[in-house]
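Structure at a glance
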Amino acid sequence: MNLDYSPGATPLDPDEAAGLIPTHIANHGQLNEWEMVNILAGELWAFGRKHPDLLSNAFICRLHKRMFGDTWRWAGSFRTTEKNIGVEPARIQPGLRDLCEDVTAQLQHKSYPLDEIAARFSHRLVWIHPYANGNGRLSRTAADLLLVQQGAQRFSWGAGNLLADGACVNATWRHCVPPMPVTTARCWHLCVRERGWLRQSPCRTLSAGNSASRAGKRRLSLFANSE
Ligand SMILES: Nc1ncnc2c1ncn2[C@@H]1O[C@H](COP(=O)(O)OP(=O)(O)O)[C@@H](O)[C@H]1O
Ligand SMILES: [Mg+2]
């Protein structure tokens, strides 16, 4: 597979790239689509219940596994190779533990406004860079989970600016480059609404569905049935 990395993306080592689970993927566009479906399923799981242990190494690994476990064999396992960002591999676990303890204390003592605690959490998580890939998306979802569990709303993470052409503005779209056909987002909205997990703003149809959105529906319904 030919992976072309966008600026800021973490290149994979050959061993890591060999951990790709689907066998049909030939380019980065297909990988993005596959990953996004996986992430949607992971978010359905994550936002569907309380996580008292959210601020723990074990939960962060569990979340990464849920978001990327259909895509990468090493999902949920800490990286063992050096990257152009992040602490050295041996410092990942202690660094993450420190981060979780710090954020727990910040919440307890209201050290910063809640939004700032969540933003700092996301920033430090991506700075540690615990996994070979998916750290940016994981850190944004983890910060959103923290906000929601504290009774606040998710961040938009810039989705409003990226979608100034009138597209649906919601948290789902931020994971997708290029933007996902709206049917996938609708599927997400429907699942969420039916299960009563989260309230998000309604969106309007922009384009017809494609194979990715059909795959999304299939995988999400499978996932929902398995829970
Ligand atoms: N110099 C940097 N400063 C801050 N964040 C960075 C920097 N370089 C990369 N990142 C973060 O790391 C992410 C890329 O890491 P990666 O593990 O590939 O995550 P993802 O696959 O979710 O994009 C970017 O999305 C960004 O959040
Ligand atoms: Mg990446």
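Residue positions are given per chain, counted from 1 along the sequence in the order it is written. As a convention, the first chain written is A and the first ligand written is 1, with the rest following in written order. Only residues with pLDDT of 70 or above have their local features reported here, since the model is predicted, and side-chain atom pairs are shown and tallied only from 80 upward, although totals for entire chains, interfaces and linings are computed over all residues.

What follows concerns the overall build of the chain. Secondary structure elements follow DSSP: runs of H or I of four or more residues count as helices, runs of E of two or more count as strands, with numbering from the N terminus. Each helix and strand in the chain was counted, giving 9 helices and 0 strands. Secondary structure elements in the chain, listed N-terminal to C-terminal, are α-α-α-α-α-α-α-α-α. Exposure criterion: with C-beta atoms placed from backbone coordinates, a residue whose C-beta has 20 or more other C-beta atoms within 10 Å is buried, one with 12 or fewer is exposed, and one in between is partly exposed. Going through the 227 residues of the chain one by one, you find that 36% of them count as buried. Throughout, a residue-residue contact means that the two C-beta atoms, derived from backbone geometry, are no farther apart than 7 Å. For the chain, the share of sequence-separated contacts (at least 6 apart) that also reach a separation of at least 24 residues comes to 63%.

With that settled, consider the packing of helix 4 (residues 92-109) against helix 5 (residues 114-128). Between helix 4 and helix 5, whose axes approach to 10 Å, the crossing angle comes to 175°. Judged on the interaxial angle alone, helix 5 and helix 4 are roughly antiparallel. Seen from helix 4, the contacting residues are Ile92, Gly95, Leu96, Leu99, Val103, Gln106 and Leu107; seen from helix 5, they are Ile117, Phe121, Arg124, Leu125 and Ile128. Three categories are distinguished: nonpolar for Ala, Val, Leu, Ile, Met, Phe, Trp, Tyr, Cys and Pro, charged for Asp, Glu, Lys and Arg, and polar for the others, with Gly belonging to the last. By residue class, the composition of the contact of helix 4 with helix 5 is 9 nonpolar, 2 polar and 1 charged. Orientation is described by axes fitted as lines to C-alpha atoms, over the contacting stretch for helices, and by angles from 0 to 180 degrees between their N-to-C directions. Every angle not falling under 35 degrees, over 145, or within 65 to 115 is termed oblique; those three ranges are roughly parallel, roughly antiparallel and roughly perpendicular.

Turning to helix 3 (residues 57-68), a few remarks are in order. Helix span, expected: 1.5 Å multiplied by one less than the number of residues in the helix. Helix length check: helix 3, at 12 residues, gives a terminal C-alpha distance of 16 Å against a target of 16 Å (1.5 Å per residue), a fit within 8%. Of the surrounding secondary structure, the elements contacted by the buried residues of helix 3 are helix 2 (28-47), helix 4 and helix 6 (135-149).

Okay, unusual backbone geometry next. Even without being glycine, Lys110 reaches a positive phi, approximately 50°. Mapped onto the elements of the fold, Lys110 is located in the loop between helix 4 and helix 5. In the Ramachandran plot, His129 falls in the positive-phi region, its phi being about 60° despite a non-glycine side chain.

Another point: the environment of Leu63. When you line up the elements, Leu63 lands in helix 3. C-alpha separation for the pair Leu63 and Ile39, spaced 24 residues apart in sequence, amounts to 9.7 Å. Leaving out residues up to four positions away in the same chain, Leu63 has contacts with Gly42, Ala46, Leu138, Thr141 and Ala142.

Below, the discussion takes up helix 5. Think of an α-helix as turning once every 3.6 residues; residues three or four places apart then point the same way. When the terminal C-alpha atoms of helix 5 are compared, their 21 Å separation across 15 residues agrees well with the 21 Å that a helix rising 1.5 Å per residue should span. Taken as a whole, helix 5 has its buried residues at Ile117, Ala118, Phe121, Ser122, Leu125, Val126 and Ile128. What you see down the axis of helix 5 is that its buried residues fit within an arc of 160°, all on one side. Exposed residues on helix 5 whose side chains face more than 90 degrees from its buried face are Glu116 and His123. Looking at the buried side of helix 5, the elements it contacts are helix 4 and helix 6. Looking one or two places after helix 5, you find His129, whose phi comes out positive at around 60°. In this description, one arc is meant: the one made by directions from the helix axis to the C-beta atoms.

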